[in-house]
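Geometric and topological summary
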Amino acid sequence: MTRRTLSFALAIAAALAAGCATEQNQRGLTGALVGAGTGAVAGQLIGGNTTSTVAGAAGGALVGAAVGTATTPSYNRGNCRYRQPDGTIIIARCR
């Protein structure tokens, strides 16, 4: 399996997992993905090797997850998003 195929498969798995989580978890996951991508690019630019890229991705994922989780509005913590049959989205306590 090539690196590109593996990255694509992981991105799809993360997107599917985010569909059944609280908003706080979704924000944390999104922050981790954005942070990992940004950190990987920064690590490659700074170090120019695989070790730097992996270290940057790991550090970026940790920081991104922490920021995403911490910035969730307090009224949405512990709530889930539900899509109604007509397409509208409501926020309510998780079942």
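Remember, predicted model here, so these are calculated numbers, not experimental data.

Attention now goes to the overall build of the chain. Scanning the chain from terminus to terminus reveals three helices and two strands. Shown N-terminal to C-terminal, the secondary structure of the chain runs as helices and strands in the order α-α-α-β-β. A buried classification covers 24% of the 95 residues belonging to the chain. Intrachain contacts of the chain at a sequence separation of at least 6 include 42% that bridge at least 24 residues. Taken as a whole, the chain presents about 6,600 Å² of accessible surface, with 66% of it coming from carbon and sulfur.

Relative to strand β2 (residues 89-93), strand β1 (residues 79-83) runs antiparallel, the two being bridged by five bridges. Note on β2: the bridge partner recorded for N79 is R93.

Another point: the UniProt feature "domain: Glycine zipper 2TM" (unreviewed entry) in the chain. The UniProt record marks residues 31-70 with the feature "domain: Glycine zipper 2TM" (unreviewed entry), using the residue numbering of this structure. The span residues 31-70 carries 95% helix and 0% strand; its end-to-end C-alpha distance comes to 10 Å.

Time to look at the environment of G31. Among the structural elements, G31 can be located in helix α2 (residues 23-47). In this structure the C-alpha to C-alpha distance between G31 and G60, which are 29 residues apart in sequence, comes to 8.9 Å.

For the rest of this paragraph, the subject is the confidence of the model for the chain. Of the residues in the chain, 77% have a pLDDT of 70 or more, and the chain-wide mean is 81. Within the chain, no element has a lower average pLDDT than helix α1 (residues 3-18), which sits at 65, and none a higher one than helix α3 (residues 50-70), at 91.

Reading guide: rules and limits
- Residues numbered from 1 in each chain as written.
- Predicted model: local features only at pLDDT ≥ 70, side-chain atom pairs only at ≥ 80, totals over all residues.
- Heavy atoms only, no water.
- Helix = DSSP H or I, 4+ residues; strand = E, 2+ residues; numbered from the N terminus.
- Buried < 20%, exposed > 50% of the residue type's maximum accessible area, 1.4 Å probe, protein only.
- Contact = heavy atoms within 4.5 Å.
- Areas by Shrake-Rupley, 256 points an atom, 1.4 Å probe, with all protein chains shown as cover.
- Pairing = 2+ DSSP bridges.
- UniProt positions renumbered as here; feature names shortened; annotations may be inferred.
- pLDDT = per-residue confidence, 0-100.

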